[in-house]
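# Examining the three-dimensional arrangement
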Amino acid sequence: MHLIIAEKNISANRIAQILAGNEKVKATKDGNVSTYSFNTKTVVGLKGHVVEVDFEPGYTNWRSEVHTPRSLIDAGTVKKPTEKKIVNIIQKLSKKADLVTIATDYDTEGELIGKEAYELVRAVNPTVRINRARFSAITPAEIRSAFENLTDLDFALAAAGEARQLVDLMWGASLTRFISLAARRGGTNILSVGRVQSPTLAMIVEREREIENFVPQTYWMLSLATEKDGVPVEARHTAGRFTDHEAALAAEAGTKEPLVVTDVKEGQKTDRAPTPFDTTTFIVAASRLGLSAANAMRIAEDLYMNGYISYPRTDNTVYPKSLNLNGILDTLKGGVFDADVAWVQQNRRPVPTRGKKESTDHPPIHPAGAATREALGQDRWKVYELVVRRFLATLSPDATWATTKCLFDASGEPYTATGGRLLYAGWRRVYPYSEAKENLLPVFAPGERLPIKAVNLEEKQTQPPARFSQSRLIQVMEELGLGTKSTRHEVIGKLVSRRYVEGNPLRPTLVGRAVIDALDNHAETITEPEMTRTLEEHMQLIKESQRSREDVVTESREMLHRVFDKLEENEKEIGTEIMEQTAEEHTVGPCPACGHDLRIRHIGVSQFIGCTGYPECRFNISLPGSTWGKAIRIDEVCEKHGLSHVRLIRKGARPWDIGCPLCSHIASNVEALQMMPSMNDDLMHRLHAHHIYTVSEIAGMQPEDLANAIGAGTDEATELAREAEDALEVLRRRSELRKFIRKIVPPRKGRSHAKIIKSLLEQGIGDIHALSLAEPAAVKKAGIPEATGTELLEAARGLCNERALREAGVPAVSLKKYQAGGVASPDDFCYLPIPYLASKTGINPETVYKHVDMVCGHLGRPAPAKISKASFERGRKELLEVPGIGEATVDRLYLAGIYDARTLRTADPEEVSSITGIPKTRLHDYITHLK
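The sections below set out a description of the structure shown in this document. As the structure is a prediction and not an experimental result, all values here were calculated from the model.

What counts as what
Residues numbered from 1 in each chain as written. Predicted model: local features only at pLDDT ≥ 70, side-chain atom pairs only at ≥ 80, totals over all residues. Heavy atoms only, no water. Pairing = 2+ DSSP bridges. Helix = DSSP H or I, 4+ residues; strand = E, 2+ residues; numbered from the N terminus. Contact = heavy atoms within 4.5 Å. Axes fitted to C-alpha atoms, helices over the stretch in contact; angles between N-to-C directions. Core = buried A, V, L, I, M, F, W, Y, C linked by side-chain atoms within 4.5 Å. Buried < 20%, exposed > 50% of the residue type's maximum accessible area, 1.4 Å probe, protein only. Expected span 1.5 Å × (residues − 1). Polar contact = N/O pair within 3.5 Å; in protein donor to acceptor, adjacent residues only side chain to side chain. Parallel < 35°, antiparallel > 145°, perpendicular 65-115°, else oblique. Nonpolar A, V, L, I, M, F, W, Y, C, P; charged D, E, K, R; others polar. Left-handed = near helix turned anticlockwise from the far one by under 90°.

## Here we look at the sheet that holds strand β10 (residues 231–242)
Pairing between sheet strands relies on hydrogen bonds along the backbone, with the strands arranged either parallel or antiparallel. With antiparallel pairing, the 7 strands of this open sheet are ordered in space as β14-β11-β12-β13-β10-β9-β15. Unpaired on one side and paired on the other, β14 (449–450) and β15 (454–461) mark the two borders of the sheet. Examined bridge by bridge, strand β11 (residues 259–271) and strand β12 (residues 399–410) share 12 bridges and lie antiparallel to one another. Within the sheet, the bridge partner assigned to Asp271 lies in β12 and is Ala399. Each of β9 (218–228), β10, β12, β13 (413–424) and β15 is contacted by helix α7 (residues 245–254), which is oriented at about 15 degrees to β9, the strand it contacts most.

## Structural notes on the sheet that holds strand β1 (residues 2–6)
In space, the 6 strands of this open sheet follow the order β2-β3-β4-β1-β7-β8, with mixed pairing throughout. In this open sheet, the two edge strands, each paired with only one partner strand, are β2 (26–30) and β8 (129–132). Put simply, the sheet's adjacent strands are angled 25 degrees from each other on average, direction ignored. Bridge analysis of β1 against strand β7 (residues 99–103) gives 5 bridges, and the strand direction is parallel. Note on β7: the bridge partner recorded for Ile4 is Thr101.

## Remarks on unusual backbone geometry
Following Glu257, the chain continues into Pro258 via a peptide bond in cis, with omega recorded as 10 degrees. Omega for the bond connecting Tyr614 with Pro615 falls within 30 degrees of zero, at 10 degrees, which places this linkage in the cis form. Among the secondary structure elements, Pro615 is positioned in the loop between β20 (606–611) and β21 (620–622). Unusually for a residue other than glycine, Asp229 sits at a positive phi of about 55 degrees. Note on placement: Asp229 falls in the loop between β9 and β10.

## As for the pairing of β10
The pairing of β9 with β10 spans 8 bridges and is classified as antiparallel. Bridging from a neighbouring strand, Glu227 pairs with Pro232 of β10. Where β9 hands over to β10, the hairpin turn is made up of 2 residues, of which Asp229 adopts a positive phi near 55 degrees. Note: β10 against β13, 2 bridges, orientation antiparallel. Its bridge partner being in β13, Arg236 is matched across the sheet by Thr416.

## Description of the nonpolar core
Trp171, Phe282, Tyr384 and Leu567 are the most contacted members of the largest nonpolar core, which totals 122 residues. Here this core takes 11 residues from helix α5 (residues 155–182), the largest share from any one element. The contact partners of Trp171, leaving out residues within four places of it in the chain, are Thr176, Val193, Arg195, Met531, Leu535, Ser556, Met559, Leu560 and Val563. With 35 residues, the next largest nonpolar core counts Leu837, Tyr894, Tyr899 and Tyr926 among its residues.

## Topic: α5
Helical periodicity: at 3.6 residues per turn, an α-helix aligns residues three or four positions apart in one direction. With 28 residues, α5 extends 40 Å from end C-alpha to end C-alpha; this agrees with the ideal 40 Å at 1.5 Å per step. Counting buried residues along α5, 23 of its 28 residues qualify, which places the element largely inside the surrounding structure. Where α5 begins, one side-chain oxygen reaches toward the backbone nitrogen of Ala156, 3.2 Å away; that side chain belongs to Asp154. Among the residues trailing α5, Arg184 stands out with phi positive, at a value near 55 degrees.

## Quick word on the packing of helix α18 (residues 549–569) against helix α19 (residues 571–586)
Each pair of packed helices gets described by two things: the angle between the helix axes and the distance between those axes. In contact at an axis separation of 4 Å, α18 and α19 are set at 70 degrees when each is read in the N-to-C sense. For the element pair α18 / α19, the angle class is roughly perpendicular. Across the interface between the two elements, Leu567, Glu568 and Glu569 from α18 touch Glu571, Glu573 and Ile574 from α19. Classifying every residue of the contact of α18 with α19 by side-chain character gives 2 nonpolar, no polar and 4 charged.

## Points about the packing of helix α10 (residues 325–332) against helix α13 (residues 378–394)
Packing of α10 against α13 leaves a shortest axis separation of 12 Å and a crossing angle of 135 degrees. Between α10 and α13, the interaxial angle falls into the category oblique. Here the hand of the crossing between α10 and α13 comes out left-handed. Contacts between α10 and α13 involve Leu325, Ile328, Leu329 and Leu332 from the first element and Tyr384, Val388, Phe391 and Leu392 from the second. Residue composition of the contact of α10 with α13, grouped by class: 8 nonpolar, no polar and no charged.

## Thoughts on the side chain of Ser11
Tracing the sequence through the fold places Ser11 in helix α1 (residues 9–20). Classification of Ser11 by relative accessible area gives buried; the value is 4%. In terms of polar contacts, Ser11 uses its side chain to reach the backbone carbonyl oxygen of Lys8, at 2.9 Å. Sequence-distant contacts of Ser11, defined by excluding residues within four places in its chain, comprise Ala6, Ile138 and Met305.

Here is the structure:
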């Protein structure tokens, strides 16, 4: 068998379909892992890395005195599977294989993934032949060519990837652990530090410092307005910026008619067509379409896997001679780009444009297959079209502009105006992403005199440097040698997800600044790009077989030990600096009750805003649980309360802006306060004036304290507290109803739990007991389908019955037996005969009587007569001795209260028959026998 291992399932399927040609591909699943077989070949996809590098056992305890953060630098590492099912399938198939082909992406990461697969194969089949297929697009031509020209794994390239893995692990784990422990942060609040991440964050922080420290300089711009043949023209003073106000005023005063044209220069300018896309230029172009770096790469990866574009992780900006450009153009014919392709073929430039970077691993990003808008959807089509049009632009002729520069004299003051007109659109015809702005001037001739319509002296100020956009940051990272084409967008994503930066353009958060400030002060090596750039250069030497993996990893360990020498010397100062700065991150403003700081607190899944004056001040504001999103402070401040607004953020969901937490707290508790009969606007105002906002606060206060707060008597305050307790009980029942419904009724689009609860409340159903008594029409009106509504009502009745029986005193163990026997409601206990209950549950009839007596007493109903265990057992024997009565008939007779010969002899056959379903004639026979 020939086993082919691809990087992902989607590429495995596509490779199989291409190689199979006209043969049918058999897709099978083994433990949710798909394989694709045809002829003697089987293709299976990985899930990227299916094994990971981790420290050997013993290093999981962060607070270990033996395995300190520094010890991680020299700790041993092991490889362990992260996708056990895939690993098992790979090794199961490898045992049967006589040839294995690695068909992962061809770059450092893909080669390392391929080497991991190589090692999994070798572990179970040491002698099997293993080769490598290299391709830049998953298209029929590329894949067939790759499998016709198989080669060997590039172990040097894989070694570079392994070195990066080990270096990033030791730097990230040791530094993250050290900084987090120093700042006393744990759990979900750890402070992540990384080899590439930290210098990148430092650039964002440094830019923010530049913006904050920027001192604007005032300057003046002088212009005039004129016209010719009704066409308005603006001319600017040739001095450009005036930094001297007096000189600007003098030039303004000297600008007088006549305005004379002194010179006219006309020319042409070539507008070069853009160069092919590498990863960075692609991300920059995609950002102009509103796509984040991570999203652009995610979509590009998907398009590559499906054969629409070439491999999107490339540093190459020069098409290789082997790339069939004509074939790509032919592929694009017949669709929406047909006219553009035809134009390019007719007007094609002799040689495609080329950028400054040229490599041999992959060509620039280019289209690989035809697609339609309908097949791809909006975002994928947007990226696909961008790639297609960029490719067409690189084959198109340059654009040409006609330029005009006019010089004017206004009584000795020199002015100029420039114009531009697009003579030949060239590449701009097929690439509309770069706007061509024309500025058309009238035809001027030297010596012409023109009117001066207005003179404008405008005061301006220099602006601070702009914050980094994601795309611009990636460009700077590339220039500084930070990260790789495959990881730069991921690094930015981590900074955002860890809340070190926010917004677009990017700005650092308080915690992001705190970490960088502490590192800058005590271990600047971590935040400077030189160390990371040096390691990247040395990893490149591994690819070229000029250095070994072990050599570079050892060098990295030595670097990191020097960093720790500084860190450990200043551990206390680092922790103090971060804690002092990050305290502000959680502070939302002054406590309205005592003036101390209010801070966001996270305890497990609970979160609230509490006063730092606790326990003297117990003021707090409740927040939704962290399952709705982690609460963070944002910059907007409430004008009324002076508190920062709060936002809930959760991965994969839109942020939830709560706004001012106190405004939200007050608004969310008004309805509950209004449930109290005595509540009115005046009373509510008095309560709020004393920072009392909830019914729970009112219920928990001593009557004297409440009376003083609202300016009322103790009796009135006592009554108010009782009303608050009643309201709390109603709220508790509503909350219980809400949780109960959430468990049973799944949310659907347009059918939220909030809408269901609102509808039920409007129908007077405010707790589970009321729900148990509701009609099916009521739950249907609330938007619950009939089947789910039936399930909901049955569950509510079951729960209420269980509670009633427990309240009556039926023990939990016995209750389970009753429920198993189909005895569920209090009515069952009151109306079903004791013999029947004992028979169905296996409980002693004397114990059954005790339970029935408790339930009947609880409901105020009379209890039946007691039956002893002895009489019950004796009676069963008596009944079984009657001809024609067996075990099944006895159990049916129990339902009518017949448990011995006496109760059968005195029974009414007609009544017993209606209860048990036993024919009257048979009952007459039983009774006649006894008489």
